[in-house]
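# Residue-level structural notes
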Amino acid sequence: DQQVKQNSPSLSVQEGRISILNCDYTNSMFDYFLWYKKYPAEGPTFLISISSIKDKNEDGRFTVFLNKSAKHLSLHIVPSQPGDSAVYFCAARETGANNLFFGTGTRLTVIP
Amino acid sequence: NAGVTQTPKFRILKIGQSMTLQCTQDMNHNYMYWYRQDPGMGLKLIYYSVGAGITDKGEVPNGYNVSRSTTEDFPLRLELAAPSQTSVYFCASRDGQARPQHFGDGTRLSIL
């Protein structure tokens, strides 16, 4: 029972263009969402997060959008760079809970 | 600043053997976690700890044990290794409730 879903296993984007990674969730009690980036043979690295009281959070080239009614969030990377090529995981948690639920990841390839 | 350190990086076990995966963090974080990641899947929580002496089960605890005698260390024990435990294991830690988790680089474990 996958509570956090990333339906696109892979995405290829030209350097300089926008990358949009999508994530859906089923648990309406989730109120804190995170994106992690993972390179091969390394652990996931925190990228950006958003609380359910917001619908947008920006950090440099990275913006996360949250649509609570649709139970959907997306990560926008503008402009995309070759160093952004990695697997991106969406994760979600309920307030006060310790269990972080992860999606299956999307492999982003940025083509120079 | 080393962050979260996991040892070993790779290990091959025979069915029925036991081993301990080590995890240590130097950030004085109270919360620590063990996840497993199977191929093509997201990370799933095995066990977690909210402080020294306190541990609790996650989503997939069967076949594992943990202990937390110090703030820094959170070892994961496999008592009777089974092929289904072949996976990549990640340890993570975090500071407060609204803080993201920091991950180690993982232990790749194969059970043959």
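Just above sits the structure.
In this report, the structure presented in the accompanying data block is examined. (Residues numbered from 1 in each chain as written. Chains lettered and ligands numbered in written order. Predicted model: local features only at pLDDT ≥ 70, side-chain atom pairs only at ≥ 80, totals over all residues. Heavy atoms only, no water.)

With that settled, the discussion passes to the overall build of chain A. When you go through chain A residue by residue, the secondary structure sums to zero helices and eleven strands. Whereas a compact globule of 112 residues would reach a radius of gyration of roughly 13 Å, chain A reaches 13 Å, a difference of no more than 12%. Dimensions of chain A, computed from C-alpha atoms along their principal axes, come out at roughly 40 × 30 × 20 Å. Within chain A, buried positions represent 48% of all 112 residues. (Helix = DSSP H or I, 4+ residues; strand = E, 2+ residues; numbered from the N terminus. Rg over C-alpha atoms; globule rule 2.2 N^0.38 Å. Buried < 20%, exposed > 50% of the residue type's maximum accessible area, 1.4 Å probe, protein only.)

Note that soluble globular proteins tend to have their nonpolar side chains buried in a common cluster. One finds Phe 33, Trp 35, Leu 73, Leu 75 and Tyr 88 of chain A to be the most contacted residues of the largest nonpolar core, which totals 24 residues. Elements that contribute at least two residues to this core include exactly strand S3 (19-25), strand S4 (30-38), strand S5 (45-51), strand S7 (62-67), strand S8 (72-77), strand S9 (86-94) and strand S11 (106-111) of chain A. Counting residues in hydrophobic clusters, the runner-up holds 19 residues, among them Met 19, Cys 23, Val 66 and Cys 91 of chain B. (Core = buried A, V, L, I, M, F, W, Y, C linked by side-chain atoms within 4.5 Å.)

On to the state of the cysteines. Enumeration according to the criterion identifies two disulfides over all chains in this entry. Across the disulfide, Cys 23 of chain A is cross-linked to Cys 90 of chain A (sulfur-sulfur distance 2.0 Å). Taking the torsion about the sulfur-sulfur bond, which here is approximately -75 degrees, the covalent link between Cys 23 of chain A and Cys 90 of chain A counts as left-handed. Residue Cys 23 of chain A is found in strand S3, and its partner Cys 90 of chain A is found in strand S9; the two are separated by 67 residues along the sequence. For the pair shown, Cys 23 of chain A and Cys 90 of chain A are each scored as buried. Covalently, Cys 23 of chain B is tied to Cys 91 of chain B through a disulfide, its sulfur atoms 1.9 Å apart. Taking the torsion about the S-S bond as the criterion, the Cys 23 of chain B to Cys 91 of chain B disulfide, at about -70 degrees, is left-handed. Of the two residues, Cys 23 of chain B is situated in strand S3 (residues 19-25) and Cys 91 of chain B in strand S9 (residues 87-94); the sequence distance between them amounts to 68 residues. No difference in accessibility class separates Cys 23 of chain B from Cys 91 of chain B, as the two residues are buried. (Disulfide = S-S within 2.5 Å.)

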